[in-house]
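Here is how the chains run, residue by residue.
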Amino acid sequence: MMSISIVPIGKNFAGEVSGVDLRGPLSPDIVAAIDSGMDEFAVLVFRDQDITDNQQLEFSQNFGPVESSIGGNISSLHSTRPDQRRLSVDMADVSNLDQDQNIYAREDRRRLFNLGNRLWHSDSSFRAVPAKYSLLSARSIPADGPNTEYADMRAAYDALDVKIKEEVEGLICEHSLMYSRGQLGFTEFTEEEQQTFAPVRQVLVRTHPVTMRKSLFLASHAGTIVGWPMAEARMFLRDLIEHATQPQFVYVHRWRSHDLVVWDNRQTMHRVRRFNETEYVRDVRRTTISSDGPTTTQVAN
Ligand code: OGA
Ligand code: MN
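A.B. asks: How should I be thinking about the sheet that holds strand E8 (residues 200-203) in this particular structure?
C.D. replies: Strand pairing in a sheet takes place through backbone hydrogen bonds and is either antiparallel or parallel in direction. Taken in spatial order, the three strands line up as E8-E7-E11 in an open sheet, and their pairing is antiparallel. This sheet does not close on itself; its edge strands, each paired only once, are E8 and strand E11 (222-225). Adjacent strand axes in the sheet meet at a mean angle of 40° when their direction is disregarded. Here strand E7 (residues 172-175) pairs with E8 via four bridges, running antiparallel. Residue pairing for E8: His175 is matched across the bridge by Val200.

A.B. asks: When you look at the environment of Leu26 in this model, what are you seeing that I'm missing?
C.D. replies: Turning to its location among the elements, Leu26 is positioned in the loop between strand E2 (14-18) and helix H1 (28-41). A relative accessible area of 14% means that Leu26 is categorised as buried. It is 8.7 Å that separates the C-alpha atoms of Leu26 and Asn62, two residues lying 36 residues apart in sequence.

A.B. asks: Just checking my understanding: could you explain the environment of Phe186 for this structure?
C.D. replies: The topology assignment puts Phe186 in the loop between helix H6 (177-182) and helix H7 (191-196). For Phe186 and Gly116, which are 70 residues apart along the polypeptide, the C-alpha to C-alpha distance reads 9.4 Å. Look past the residues within four positions of Phe186 in its chain and what remains in contact with it is Ile74, Arg109, Leu112, Phe113 and Arg181.

A.B. asks: Got a minute to help me understand the coordination of the manganese ion (ligand 2) in this structure?
C.D. replies: Ideal geometry at a metal gives 109.5 degrees between four tetrahedral donors and either 90 or 180 degrees between six octahedral ones. The coordination sphere of the manganese ion (ligand 2), as far as protein atoms go, consists of His121 (NE2), Asp123 (OD) and His270 (NE2), spread over 2.1 to 2.2 Å. Of note, the manganese ion (ligand 2) draws all its donor residues from one chain, in the sequence arrangement H-x1-D-x146-H. Among the residues examined, His121 registers a relative accessible area of 4% and is labelled buried.

A.B. asks: What am I meant to see in the site of ligand 1 here?
C.D. replies: What surrounds ligand 1 is the set Val94, Asn117, His121, Asp123, Leu136, Thr148, Trp263, His270, Val272, Arg282 and Arg286. Measuring from an oxygen atom of ligand 1, one finds a side-chain N or O atom of His121 at 3.1 Å. In the model, an oxygen atom of ligand 1 is placed 2.9 Å from a nitrogen or oxygen of the Asp123 side chain. In the shell around ligand 1, the residues fall into four nonpolar, four polar and three charged.

A.B. asks: It is not clear to me how the packing of aromatic side chains should be interpreted in this structure. Could you clarify?
C.D. replies: One pair of aromatic rings is described through two measures. These are the centre distance and the angle between the planes. Enumeration over the complete set of coordinates arrives at 10 aromatic pairs. Between Tyr150 and Tyr251, the ring centres sit 6.3 Å apart and the planes meet at 20°, which makes this aromatic pair stacked. Linking Tyr150 in strand E6 (residues 148-152) with Tyr251 in strand E12 (residues 250-253), this pair joins segments that are 101 residues apart in sequence. Residue classification places Tyr150 among the buried positions, given a relative accessible area of 0%. Given the relative accessible area of 6%, Tyr251 is considered buried. Among the aromatic residues, those joined into a ring-pair cluster are Phe46, Phe59, Phe63 and Tyr133. The lysine or arginine in question, Lys132, covers the ring of Tyr133, its NZ or CZ lying 4.6 Å from the ring centre. Looking at Arg206, its charged tip hangs above the ring of Phe217, at a distance of 4.2 Å from the centre.

A.B. asks: Before we go on, may I ask you to explain the nonpolar core in this structure?
C.D. replies: Proteins that are soluble and globular tend to have nonpolar side chains buried together. Ranked by internal contacts, the top residues of the largest apolar core, which has 24 residues, are Val168, Leu204, Leu216 and Leu218. At the level of elements, helix H4 (153-158), E11 and helix H8 (230-244) are the ones that each hand at least two residues to this core. Tallying contributions element by element places H8 first for this core, with six residues. Within the second largest apolar cluster, 19 residues are counted, among which are Ile30, Ile34, Phe63 and Val262.

Here is what the cut-offs are and how they apply
Residues numbered from 1 in each chain as written. Chains lettered and ligands numbered in written order. Predicted model: local features only at pLDDT ≥ 70, side-chain atom pairs only at ≥ 80, totals over all residues. Heavy atoms only, no water. Pairing = 2+ DSSP bridges. Helix = DSSP H or I, 4+ residues; strand = E, 2+ residues; numbered from the N terminus. Axes fitted to C-alpha atoms, helices over the stretch in contact; angles between N-to-C directions. Buried < 20%, exposed > 50% of the residue type's maximum accessible area, 1.4 Å probe, protein only. Contact = heavy atoms within 4.5 Å. Donors = N, O, S within 2.8 Å, 3.2 Å for Na, K, Ca; no water. Near = heavy atom within 4 Å. Polar contact = N/O pair within 3.5 Å; in protein donor to acceptor, adjacent residues only side chain to side chain. Nonpolar A, V, L, I, M, F, W, Y, C, P; charged D, E, K, R; others polar. Phe/Tyr/Trp six-rings, centres within 6.5 Å; stacked < 30°, edge-to-face > 60°. Lys NZ or Arg CZ within 6 Å of the ring centre and 35° of its normal. Core = buried A, V, L, I, M, F, W, Y, C linked by side-chain atoms within 4.5 Å.

Structure (structure tokens):
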């Protein structure tokens, strides 16, 4: 009989979970406890979970449909190999490794594209149905591995001036991977990529379906606001991200190998920090749970 406990990490909105072994099936009670822990904390840390891809997938499936990772990244253009995947389509490969387990070369287009993970974002906000949870499993972490930072978009919303709260209410943004990568000067996309990465619309203020708390749905993928001049929209979004990522809203995760971190993309943004990724292996693998539907057609999502 497992006995789960979740304790806050510091004074933050992250919780550390103990008493759960993710290598096997979990009882409905444990799954429910994790789900309500997610509603409350928005980031949960599970330590010492030495799991396989299948175990990660099976654990993930407790929380909803697992998103296909197709459409979330790009290929190296000049490869003759049709399949450049290292992992199955159920997993987003967030590592710095190619399909032969070699570290990406400095100029590799896939590496440069993945640098976008260093910009504050919410996973899959560039998809019509964005992500609910992300589950990131650290299989191998370098000694001075980079931290990942999480910002609480509920607290950020609560702290907005009343006037800004009125202004953001009802606004719709357009999100695309081309907008976030464009900020890095990464602007060369094939015809096919441009079609795959066509902008999608997302509300700027969303309401959590269980707690009914409001949060700012921000991401570096957001490149304009419907009905606004683009430059003004980008400046406003930049100001909002700056507000929302002040230290009092941020939890800094220091990775150990075999950590599994689960976050709620509906209530948080995150970014990974810089490290020497052309020299050291960092093997992290993500499963992603889809949310209930497009944000623009639902009252609470
Ligand atoms: C992700 C991501 C952060 C990291 O998996 O969605 O942004 O720590 N990764 O690699
Ligand atoms: Mn991410």
